[in-house]
Amino acid sequence: MAINPLMVLWFEHLTRLGALVEADSIIELGPQDVLATCRGTLSRVARRLFGVDAEVAIQGIFPGGNEAPPPGAQKALYSLFGLHEYHAIDFYNPAADFDRDLNHPVDLGRTWSVVSNFGTAEHCFNIGACFDTVHRLTAPGGLMLHVLPAMGDLDHGFYNVNPMLYGRLAYANGYEVVDVRYVDHLHLRCLHCEDAPEAGFDFDSLPIGLSELTDRDLLARSTASRFLENMSDEETHSRILPLGMAAASVVYDYCFVALRKRRETPFAIPTQPFAAGPHWAAENFR
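This one's a predicted model, so the numbers in the text were calculated from it and none came from an experiment. (Residues numbered from 1 in each chain as written. Predicted model: local features only at pLDDT ≥ 70, side-chain atom pairs only at ≥ 80, totals over all residues. Heavy atoms only, no water.)

### A few points about the packing of helix α1 (residues 5-17) against helix α7 (residues 186-195)
- Between α1 and α7, the shortest axis-to-axis distance is 8 Å and the interhelical angle comes to 75°. For the element pair α1 / α7, the angle class is roughly perpendicular. On α7, the residues touching P5, L6 and L9 of α1 are L186, R189, C190, C193 and E194.
- Of the residues assigned to the contact of α1 with α7, the class counts are 6 nonpolar, no polar and 2 charged. (Axes fitted to C-alpha atoms, helices over the stretch in contact; angles between N-to-C directions. Helix = DSSP H or I, 4+ residues; strand = E, 2+ residues; numbered from the N terminus. Parallel < 35°, antiparallel > 145°, perpendicular 65-115°, else oblique. Contact = heavy atoms within 4.5 Å. Nonpolar A, V, L, I, M, F, W, Y, C, P; charged D, E, K, R; others polar.)

Spelled out as structure tokens, the structure:
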């Protein structure tokens, strides 16, 4: 998965929450390219957050004027948010610093203050090993960032990940839930960010919020209803279908989740309680 405009705005949101204030290093599961469509959003984010000349702030990300960012531009993007030390793990991508198979837990003998899993784990058959690896590589007090598919986009990867998993991960391992967002129709929302990069994004305005995520029956009804609405949305048909893309492949929902590792303990495999039981524990929320 690449870094899209809405993910950039999520980094702005996390910065405003103070979630990245002490973070200075990041390691990615899979090196993430920066989409060319992020330029306008990044310029506005830099100005809003840091009050700096946007062109100076992002010249390392978009060298050569309006050209697409080159491979490796994510290092400069993360540096904008204070994450000046960058590494990546990948079994196939030669750009990665560490050549490892993420189907098995990875221990590199050190930790980072941020570990990101942006559209990677769903492509690994042994998906649980990815969450184990994220735990191992995150320093106590560090942040674990997950942006993974939840619904739609059939055959994109091996798995879509239910929101419940993040709650059970937090419960089993004592993580703090810093932020959790269910982003419906991610493709169209990114287009809206490109249309108005100056507008920012209010994550609290998303139609599926914490009240739905913590109520299994309400979540089931809300996500199904919203997905059907997005499939038949006039803008979906007018902006996406003319590109030759079927609505079924471009209407998809993702979860954006930030978890903080509170202490250094071995990774605990989460378990699922009976179907009607609580999936999120109140004591894990900040």
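### A short note on the nonpolar core
- One finds L6, W10, L42, L77, Y78, L145 and F256 to be the most contacted residues of the largest nonpolar core, which totals 45 residues.
- When residues in this core are grouped by element, the largest group, 7 residues, is from α1.
- Setting aside residues no more than four positions away along its own chain, F256 makes contact with L6, M7, W10, H146, V147, D179, V180, R181, V183 and L186.
- If you look at the next biggest cluster of nonpolar residues, it comprises 34 residues, including L108, L148, Y182 and V257. (Core = buried A, V, L, I, M, F, W, Y, C linked by side-chain atoms within 4.5 Å. Buried < 20%, exposed > 50% of the residue type's maximum accessible area, 1.4 Å probe, protein only.)

### What about the packing of aromatic side chains?
- Enumeration according to the criterion identifies 13 aromatic pairs in this entry.
- Aromatic pair F11 and F118: ring centres 6.3 Å apart, planes at 85°, arrangement edge-to-face. One end of the pair, F11, is in helix α1; the other, F118, is in strand β3 (residues 112-118), with 107 residues separating them in the sequence. Here F11 and F118 have matching classes, each one buried. (Phe/Tyr/Trp six-rings, centres within 6.5 Å; stacked < 30°, edge-to-face > 60°.)

### Notes on the packing of α1 against helix α2 (residues 39-50)
- Contact geometry for α1 and α2: axes closest at 9 Å, N-to-C directions at 10°. Between α1 and α2, the crossing angle belongs to the class labelled roughly parallel. Contacts between α1 and α2 involve P5, V8, L9, E12, T15 and R16 from the former and T41, L42, V45, R48 and L49 from the latter.
- For the contact of α1 with α2, the residue count by class is 6 nonpolar, 2 polar and 3 charged.

### Describing the pattern of salt bridges
- Tallied over the full model, the rule gives 12 salt bridges.
- Taking the shortest distance from any N to any O, the salt bridge between E12 and R16 comes out at 3.2 Å. Of the two residues, E12 and R16 both sit in helix α1, 4 residues apart, roughly one turn of that helix.
- R16 gets classed as exposed once you look at its relative accessible area, which sits at 54%.
- Salt-bridge contacts for R226 lead to D184; the nearest nitrogen and oxygen are separated by 2.8 Å. Taken together, the residues span a long stretch of sequence, with R226 in helix α9 (residues 216-232) and D184 in the loop between β5 (176-183) and α7 at a distance of 42 residues. (Salt bridge = Lys/Arg side-chain N within 4 Å of Asp/Glu carboxyl O.)

### Some remarks on the side chain of H185
- Take H185: it is sitting in the loop between β5 and α7.
- In this structure, H185 is in contact with N230, T236, I240, V250, V251, Y252 and D253, ignoring residues within four places of it in sequence.

### A look at the pairing of β5
- Among the 8 residues that make up β5, 8 are buried, leaving the element largely enclosed by the rest of the structure.
- Pairing geometry for β5 and strand β6 (residues 252-260), over 7 bridges, is antiparallel. Its bridge partner being in β6, V177 is matched across the sheet by L259. (Pairing = 2+ DSSP bridges.)

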